[in-house]
Structure formats: C-alpha cells, structure tokens
Amino acid sequence: MSNRPKPLVAGNWKMNGLRAALKELGEMGQGHDAALRAKCDLLICPPAHLVYVAAAAAIGTRIAIGGQDCHAKASGAHTGDISAEMLADSGATFCIVGHSERRADHGESNAAVKAKAEAALRAGLTAIVCVGETKDERVSGKTLAVVRRQVRNSLPDGASAANTVIAYEPVWAIGTGLTPTVADVAEVHADIRRTLKSLMKGEAAGVRILYGGSVKPDNAKALLSVDNVDGALVGGASLKAADFLAIAAAYR
C-alpha cells in the first residue's frame, strides 16, 4: 500500500454547468484542506467554456483544472474543436481522452484516442486515458481482453507515470447506479497494471489507475481501498461539492 502513487480524485462535469456552478468549486477549495491535500489530489474537468474561469477560481486551492477532450492537432480548420494547447493556455493541466461517451457518440477509435493523448502530452498536459467494456462484452467474458486492447492501443508514445493516468470505467456502470463488485474492479485494475508493466516496465508502478462508474460517497471507501485503484473519475457526484468531498474523504 505504501508504494502506491498519490491518489487522484477527478471530477468530470460533462456537459453540465454554467458560471454559477463555480461556487461549487469554491466550496471544494475550502474543503480541500491541508490534511486532505496530503492524502490525495483533486481535479475538476468542467465544460470547455469554463476552463479559463475555473482555473482562475482555483488559484490557491491546489485543485487542478482539466479539459474533457481535445483535438489531435494544435490548430487548424476544425470548427467547434479545442486543442490541447488551447486548454493549457486556459490554465488546464490535465485532459480526459477516450471517455466512453466520446468513443460511442463520436466513434473514436483507439488510434484516435492515442493521437489525442499524444496531443495532450505535446501541450504539457497530463492525459487521462479512459478504457472500459460494454455490458455485452462483460456478459460474454471479454472484459479483460477488451480493456487490455484499449490500453495497449490508446496509450500515448512517451507515456510516463508523470504525464499519463488510466481511468477504468465499465461503460454499463456509468450513470446507471450499477457498479461492478470489488472483486471485479480488483481483477481489471490488476490486469491493467500488468499490461502497463509490459509496455512501460518500471514506470508502470507509478501510473495512477482510476476507477470510474457510479462512484458515490456511500461506495467510495470500498472502491478506493482496492489494490491498484489509485483514485476515482467521478461523474454526477462531482457536480456538488459536498458529494465530491465526501468521496475524497475516503482517503482521510
């Protein structure tokens, strides 16, 4: 346990939040006291229009701000997209890539996710690479094969413990209230760690592997105490400071 990397509790606000929502960020900052900062890092990934103001609001709180997606290219004729460099310029230090909603809604392949992760690294951001299986894949016994393939083919060239995080989110658990068993989570996270070791050798031990998928205050302690679970990627429960801090409090 003592060799674990420092945990990261990350909040993905998805397509939620106007400027008024930043009051929640202020409350999170108040709750992220020295005792909690010593135990875990906190990150909020708001919608793109809030990244700049969120980064300004987070100054002094030690809460990191990240983007939810980026384009693989630094600039160009890509209407509606945002580059990793633009996120960094806005004050972001992390970027989520390959979230299942992006993979499903926008048809993102592992190759596309890898390119975006490499763009994040190029811009000096830490890439949070998301992987996870669908319900059909789990029922048919393909979970480990699917997740292993996603890790192998989505991991950016140049990945290190300092610039890359893996987030395991079983697709069928996101926003459904369903969660895999602790044993299921342990099995997948252990296999991700083994896969990382085959790709990154010694660096793999320091890579943070987050669990995501209906993480709530009442199940956080059990999930975050599992071997090879180095934090959480939280969806809906990150929209309210009280819920988000209650999840992070699993590390107190």
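The rules we used
- Residues numbered from 1 in each chain as written.
- Predicted model: local features only at pLDDT ≥ 70, side-chain atom pairs only at ≥ 80, totals over all residues.
- Heavy atoms only, no water.
- Buried < 20%, exposed > 50% of the residue type's maximum accessible area, 1.4 Å probe, protein only.
- Helix = DSSP H or I, 4+ residues; strand = E, 2+ residues; numbered from the N terminus.
- Pairing = 2+ DSSP bridges.
- Phe/Tyr/Trp six-rings, centres within 6.5 Å; stacked < 30°, edge-to-face > 60°.
- Axes fitted to C-alpha atoms, helices over the stretch in contact; angles between N-to-C directions.
- Contact = heavy atoms within 4.5 Å.
- Expected span 1.5 Å × (residues − 1).
- Salt bridge = Lys/Arg side-chain N within 4 Å of Asp/Glu carboxyl O.

**Quick word on the pairing of strand E1 (residues 8-12)**
With respect to burial, E1 is a largely interior element, five of its five residues being buried. Looking at chain direction, E1 and strand E2 (residues 41-45) are connected through five bridges and run parallel. Each bridged residue has a counterpart across the sheet, and for Leu8 the counterpart in E2 is Asp41. In this structure, E1 lies alongside strand E8 (residues 231-234), joined through four bridges in parallel fashion.

**Some words on the packing of aromatic side chains**
Scanning the entire structure with this criterion turns up one aromatic pair. Between the aromatic rings of Tyr168 and Tyr211, the centroid separation amounts to 6.1 Å while the plane-to-plane angle is 55°, which identifies the pairing as tilted. Remark: Tyr211 occurs in strand E7 (residues 208-212) and Tyr168 occurs in strand E6 (residues 164-168); sequence separation between them is 43 residues.

**Some details on the sheet that holds E7**
Read around the barrel, eight strands follow the order E1-E2-E3-E4-E5-E6-E7-E8 and close on themselves; strand pairing throughout is parallel. Pairwise comparison of adjacent strand axes, ignoring direction, gives a mean angle of 25° for this sheet. Judged from the four bridges that link them, strand E4 (residues 94-97) and strand E5 (residues 126-131) form a sheet pairing that is parallel. Bridging from a neighbouring strand, Phe94 pairs with Thr126 of E5. Seen against the sheet, helix H1 (residues 22-31) touches E2 and strand E3 (63-67) and runs at an angle of roughly 140° to E3. Running over the sheet, helix H9 (residues 182-200) touches E5, E6 and E7 and is turned about 150° from E7.

**Topic: unusual backbone geometry**
Leaving glycine aside, a negative phi is the common case for residues, and trans is the common case for peptide bonds. The residue Lys14 is not glycine, and still its phi comes out positive at about 55°. Mapping Lys14 onto the fold places it in the loop between E1 and H1. Overall, Lys14 belongs to the partly exposed group, its relative accessible area being 22%. Its identity is not glycine, yet Arg62 carries a phi of approximately 65°, on the positive side. Locating Arg62 in the fold gives a position in the loop between helix H3 (51-57) and E3. A residue is classified by how much of its surface remains accessible, and Arg62, at 65% relative accessible area, is exposed.

**Here we look at helix H6 (residues 110-122)**
In this model, H6 (13 residues) spans 18 Å end to end at C-alpha, consistent with the 18 Å of a helix rising 1.5 Å per residue. Of the positions making up H6, those classed as buried are Asn110, Val113, Lys116, Ala117, Ala119, Ala120 and Leu121. Tucked inside the fold, the buried residues of H6 contact helix H4 (84-89), E4, helix H5 (100-105), E5, helix H8 (143-154) and E6. Directly after H6, the chain includes Gly124, whose backbone phi takes a positive value near 85°.

**Here we look at the environment of Arg148**
Residue position: Arg148 is located in helix H8. Exposure remark for Arg148: the relative accessible area of 31% places this residue in the partly exposed category. Taking C-alpha positions, Arg148 is 25 Å from Ala220, a pair spaced 72 residues apart along the chain. Those residues in contact with Arg148 that lie beyond four places of it in its chain are Asp191 and Thr195.

**Some details on the pattern of salt bridges**
Considering all chains together, one arrives at 17 salt bridges under this definition. In this structure, Arg138 and Asp184 form a salt bridge, with 3.9 Å as the shortest nitrogen-oxygen distance. Of this pair, Arg138 sits in helix H7 (residues 135-139) while Asp184 sits in helix H9, and the two are 46 residues apart along the sequence. A salt bridge links Arg194 to Asp191, with the nearest nitrogen and oxygen atoms 3.2 Å apart. One end of the pair, Arg194, and the other, Asp191, are both in helix H9, three residues apart, so they sit about a helical turn from each other. On the accessibility criterion, Asp191 (7% relative accessible area) is buried. Overlapping salt bridges, with partners in common, bring together Asp69, Arg102, Glu108 and Lys116 in one network.

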